[in-house]
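Results of the structural survey
What follows is the residue order along each chain.
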Amino acid sequence: MKRTLIHIVTFLLIVFIAYQPQSNYFSMNNLSNYMQLSQQVTSNQDQLMADIKKKSQEYEEPPQNARVDEVWKKLPGRNGIRVNIEESYKQMKENGKFDESLLVYEQVRPEVSIEDLPPSPIYRGHPDKQMVALLINVAWGEENIPSMLNTLKKNSVKATFFIEGKWASNNADLVKMIKEEGHLIGNHAFNHPDMKHLTKEQNLEQIKKTNDIIKAIIGEAPKWFAPPSGSFNDEVVKIASELKMETILWSVDTVDWKKPSTSVMLNRVISNIHPGAMILMHPTDVIEQGIEQLILNLKEKGYKIGTVDRLLSENR
């Protein structure tokens, strides 16, 4: 009994010594150090967030509304950009300091889109958009189209083919091939008339009949209309608009129908090229032979090449 009592007293003494204020002193110091470190981290994080919010204003650009220009008629708008504060913070918080290369951006749509504007033709994309579009008007030249499609595929380029209704009905397999290659198909009237000299009923028939033919071949009607030879008047544009279509013209012409040499055609295009350009061509021999060099020259100058819908979108 006496030995047991001694053991109990010894145990209590050990416990008492183990929990002396000296030990608590070290524990309190550790807690204090942790709290100071936590406060410092929080302070750094607050400063990083403040830096991002302040500096983000330097990188923001407001959106630009679509408008009708005196010269170029309908001009598409352009998305603005702003910094996504939260996502940028997530990218930078590991290093704990502001890093411009880690900013995360998001696009801001304009209030007015091209669809909101009254009927008017479109000649080009936004002047700040470093992209161009190849417009291939097709009413003949079927012998050159397979080769041109191969060249476009080789160079990862999508073009816009405006196809005549009569030609489409006689070359359904080529129309399907163009669609299957991922190119955009537009309406080029039924039999290549001078549309500004037609009646309203005749113009409506030209566009609607071609839409019906193309829809029967590829399963969807075109949304883009290119009047043959660029011949149109306000009534033609209005009819297209009533059919939920935009009227497309061009700002750079290869003039390939005059059978220039490849070098002359290339020089004509490159000397007139500009951001947002829409480049008119046909499935002629000079285009079949020179389209690859044209693509390479455009890319060398820093231009992306896209379909009409991509060129006219507000995306940057």
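Located above this text is the structure these notes cover.
Residues numbered from 1 in each chain as written. Predicted model: local features only at pLDDT ≥ 70, side-chain atom pairs only at ≥ 80, totals over all residues. Heavy atoms only, no water.

**As for the overall build of the chain**
Stated formally: A run of H or I in DSSP becomes a helix once it reaches four residues, and a run of E becomes a strand once it reaches two; helices and strands are each numbered from the N terminus. Burial status follows relative accessibility: with a 1.4 Å probe on protein chains alone, a residue under 20% of its type maximum counts as buried, one over 50% as exposed, and anything between as partly exposed. Any two residues having at least one pair of non-hydrogen atoms within 4.5 Å are treated as being in contact. Only the protein chains shown count as cover for residues, and the accessible areas themselves come from Shrake-Rupley with a 1.4 Å probe.
Scanning the chain for helices and strands turns up eleven helices and twelve strands. When each of the 316 residues of the chain is scored for burial, the buried share is 43%. When contacts within the chain are restricted to residue pairs at least 6 apart in sequence, those whose partners lie at least 24 apart make up 75%. Summed over its atoms, the accessible surface of the chain is roughly 18100 Å², and 50% of this surface lies on carbon and sulfur atoms.

**A short note on the nonpolar core**
Quick note on the threshold: Among the buried residues, those of types Ala, Val, Leu, Ile, Met, Phe, Trp, Tyr and Cys that are joined through side-chain atoms within 4.5 Å form a nonpolar core.
Ranked by size, the top nonpolar core spans 39 residues in total, and within it Leu134, Leu152, Phe161, Ile163 and Ile279 carry the most contacts. For this core, the element with the most residues is helix α10 (residues 285-300), which contributes six residues. Residue contacts for Leu134: discarding those within four places in its chain leaves Leu152, Val157, Ala159, Thr160, Ile279, Met281, Ile291, Ile295, Leu298, Ile305 and Gly306. Residues Leu135, Ala226, Met278 and Leu312 belong to the second largest nonpolar core, which totals 16 residues.

**Some thoughts on the side chain of Arg124**
The condition is simple: In this count, Lys and Arg are taken as positive residues and Asp and Glu as negative ones, while His and the chain termini are left out. Salt bridge, as used here: a side-chain nitrogen of Lys or Arg that lies within 4 Å of a carboxyl oxygen of Asp or Glu. Nitrogen and oxygen atoms within 3.5 Å of one another constitute a polar contact, given that in protein one can donate a hydrogen and the other can accept it, and given that sequence-neighbouring residues count only through two side-chain atoms.
The topology assignment puts Arg124 in the loop between β4 (105-108) and β5 (131-138). One buried charge, Arg124, has no salt-bridge partner; the nearest side chain with opposite charge is Asp128, at 7.5 Å. In terms of polar contacts, Arg124 uses its side chain to reach the side chain of His274, at 3.4 Å. In terms of polar contacts, Arg124 uses its side chain to reach the backbone carbonyl oxygen of Pro275, at 2.6 Å. For Arg124, the contacting residues outside a window of four places in its chain are Trp72, Lys74, Leu75, Pro76, Ser251, His274, Pro275, Gly276, Met278 and Leu312.

**Section: the packing of helix α4 (residues 145-154) against α10**
Note the cut-off: Working convention: axes come from line fits to C-alpha atoms, limited for helices to the stretch in contact. Angles between N-to-C directions cover 0 to 180 degrees. Roughly parallel means an angle under 35 degrees; roughly antiparallel, over 145; roughly perpendicular, 65 to 115; everything else is oblique.
The N-to-C vectors of α4 and α10 enclose an angle of 10°; their axes lie 9 Å apart at closest approach. Comparing their axes, α10 and α4 come out roughly parallel. Here Ser147, Met148, Thr151, Leu152 and Lys154 of α4 come into contact with α10, specifically with Ile287, Glu288, Ile291, Glu292 and Ile295.

**Describing the packing of aromatic side chains**
Our working rule: For this analysis, a ring pair means two rings from Phe, Tyr or Trp (six-membered ring only for Trp) whose centres lie within 6.5 Å, classed as stacked if their planes differ by under 30 degrees, edge-to-face if by over 60, and tilted for the remaining angles. To sit over a ring, a charge needs its Lys NZ or Arg CZ within 6 Å of the ring centre and within 35 degrees of the ring normal.
Inspection of every chain in the model, using the stated rule, returns one aromatic pair. The interplanar angle of 65° and the centroid separation of 6.4 Å between the aromatic rings of Trp72 and Tyr123 together place this pair among those described as edge-to-face. Of this pair, Trp72 sits in the loop between β1 (67-69) and β2 (73-75) while Tyr123 sits in the loop between β4 and β5, and the two are 51 residues apart along the sequence. The class for Trp72 is partly exposed, based on a relative accessible area of 28%. The ring of Trp72 has Arg124 lying over it, and the distance from NZ or CZ to the ring centre is 5.2 Å. Cation over ring: Lys209 sits above Phe190, and NZ or CZ is 4.0 Å from the ring centre.

**Concerning the pattern of salt bridges**
In this structure the tally under the stated criterion is nine salt bridges. Close ionic contact of Asp69 with Arg67 constitutes a salt bridge, the shortest N to O distance being 3.1 Å. Notably, a salt bridge pairs Lys90 with Glu87, separated by 3.4 Å at the nearest N-O pair. One end of the pair, Lys90, and the other, Glu87, are both in helix α3 (residues 85-92), three residues apart, so they sit about a helical turn from each other.

**So, helix α7 (residues 200-218)**
Filter applied, for reference: How far a helix is expected to stretch is found by multiplying one less than its residue total by 1.5 Å.
In a regular helix each residue adds 1.5 Å, so 19 residues correspond to 27 Å; α7 covers 27 Å between its end C-alpha atoms and thus fits that length. Next to the buried residues of α7 lie β6 (160-163), α5 (165-170), α6 (172-180), β7 (184-187), β8 (224-225) and α8 (234-242). Looking one or two residues beyond α7, the residue adopting positive phi is Gly219, at roughly 90°.

**Describing unusual backbone geometry**
Where the residue is not glycine, phi is negative for most of them; where a peptide bond is considered, it is trans in most cases. With a phi angle near 60°, Lys73 is a residue other than glycine that sits in the positive phi range. Within the secondary structure layout, Lys73 lies in strand β2. In this structure, His192 is a non-glycine residue whose phi angle is positive, near 55°. When you line up the elements, His192 lands in the loop between β7 and α7. The class of His192 is partly exposed, set by a relative accessible area of 33%.

**Digging into α8**
This is how it is decided: Throughout, the arc means that of the directions going from the helix axis to the C-beta atoms.
Buried residues of α8: Val236, Val237, Ile239 and Ala240, and no others. Axial view of α8: buried residues confined to an arc of 160°, hence all on one face. For α8, the secondary structure elements touched by its buried residues are α7, β8 and β9 (246-247). Where α8 starts, the residue carrying a side-chain oxygen 3.2 Å from the main-chain nitrogen of Glu235 turns out to be Asn233. Within two residues after α8, Lys244 carries a phi angle of roughly 65°, on the positive side.

**With respect to the environment of Leu174**
By secondary structure assignment, the location of Leu174 is in helix α6. By relative accessible area, which is 14% here, Leu174 ends up buried. On a C-alpha basis, the gap between Leu174 and Glu142 in space is 7.8 Å, while along the polypeptide they are 32 residues apart. Once residues lying within four places of it in the same chain are set aside, the contact partners of Leu174 are Glu142, Ile145, Pro146 and Trp167.

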